[in-house]
Amino acid sequence: SSRALGGSSLGPRARFQAVRGMAAGMEFDYLAFFKEEIRHESAAIKIGAVNQLNLIASALGPAKTISELLPFIKNVVKEEPLCNDEEFLFSMAKQYAVLAEYIQGKDELLIDPLEHLAAQEETVIREQAIKSLCTVIQGRPQLAPEHLVPTLH
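Residues numbered from 1 in each chain as written. Predicted model: local features only at pLDDT ≥ 70, side-chain atom pairs only at ≥ 80, totals over all residues. Heavy atoms only, no water.

Asker: What exactly am I supposed to notice about the packing of helix 5 (residues 53-76) against helix 6 (residues 86-99) here?
Answerer: What describes two packed helices is the angle between their axes and the distance between those same axes. Relative to each other, helix 5 and helix 6 sit at 130 degrees, their axes nearing to 12 Å. Between helix 5 and helix 6, the crossing angle belongs to the class labelled oblique. The way helix 5 lies across helix 6 gives a crossing that is left-handed. Residue-level contacts link Leu 53, Asn 54, Ala 57, Leu 69, Leu 70, Ile 73, Lys 74 and Val 76 of helix 5 to Phe 88, Met 92, Gln 95, Tyr 96, Val 98 and Leu 99 of helix 6. Class assignment for the residues of the contact of helix 5 with helix 6 results in eleven nonpolar, two polar and one charged. (Axes fitted to C-alpha atoms, helices over the stretch in contact; angles between N-to-C directions. Helix = DSSP H or I, 4+ residues; strand = E, 2+ residues; numbered from the N terminus. Parallel < 35°, antiparallel > 145°, perpendicular 65-115°, else oblique. Left-handed = near helix turned anticlockwise from the far one by under 90°. Contact = heavy atoms within 4.5 Å. Nonpolar A, V, L, I, M, F, W, Y, C, P; charged D, E, K, R; others polar.)

Here it is, written out as structure tokens:
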């Protein structure tokens, strides 16, 4: 189990690969693993899980990333205690831009959660969310008039 790895000295990538190795030959629930990791009491494990979001999205595939992972992370950033964890929110703001590669052009799904993060009190979270929004819009400029311009009014 991932808890068994929780007490080890493995880094986040090694933990993910170890679990992936244990899952070889059987169905492994990557989303459940991610959910458990981000609720871990260790900040290093929590942030490590967020920083490996690309691996989770890759393992889930585009359909599950869109239907399960995105709705989960959109909600979890608004829930206690993670909604008050500035390091977690900053890391999430950074990772949203990376997720664009894993959702088959459905980049508009990233705008609302990034707008939420761009409205945070903490400046570094806001700035990172805006950087990620810019990255998403650079990849799909046609999203700007429909999704960003209304936000500015």
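Picking up after the structure, the text goes on.
Asker: Explain the packing of helix 5 against helix 7 (residues 108-118) here, please?
Answerer: Two elements in contact, helix 5 and helix 7, have axes whose closest approach is 10 Å; the angle formed by their N-to-C orientations is 10 degrees. Judged on the interaxial angle alone, helix 7 and helix 5 are roughly parallel. In contact with Ile 66, Leu 70 and Lys 74 of helix 5, helix 7 contributes Leu 109, Leu 110, Asp 112 and Pro 113. Considering only residue class, the contact of helix 5 with helix 7 consists of five nonpolar, no polar and two charged.

Asker: Can you walk me through the packing of aromatic side chains in this structure?
Answerer: Any pair of aromatic rings gets described here by the distance separating the centres and the angle formed by the planes. On inspection of all chains with the given rule, the structure shows three aromatic pairs. Their ring planes at 55 degrees and their centres at 5.9 Å tell us that Phe 28 and Phe 33 sit as a pair that is tilted. Given a relative accessible area of 7%, Phe 33 falls into the buried group. (Phe/Tyr/Trp six-rings, centres within 6.5 Å; stacked < 30°, edge-to-face > 60°. Buried < 20%, exposed > 50% of the residue type's maximum accessible area, 1.4 Å probe, protein only.)

Asker: Hey, could you run me through the pattern of salt bridges in this one?
Answerer: It is possible for side chains of opposite charge to pair when their charged atoms get near one another. Under the counting rule described, the total for this entry stands at three salt bridges. The closest approach of N and O atoms between Glu 79 and Arg 39, which form a salt bridge, is 3.5 Å. With a gap of 40 residues between them, Glu 79 in the loop between helix 5 and helix 6 and Arg 39 in the loop between helix 3 (30-38) and helix 4 (43-51) connect regions that are remote in the sequence. Between Asp 85 and Lys 46 there is a salt bridge whose closest N-O contact spans 3.3 Å. In this pair, Asp 85 is assigned in the loop between helix 5 and helix 6 and Lys 46 in helix 4, connecting sequence segments 39 residues apart. Judged by relative accessible area, Asp 85 falls into the buried class, the value being 18%. Classification of Lys 46 as buried rests on a relative accessible area of 11%. (Salt bridge = Lys/Arg side-chain N within 4 Å of Asp/Glu carboxyl O.)

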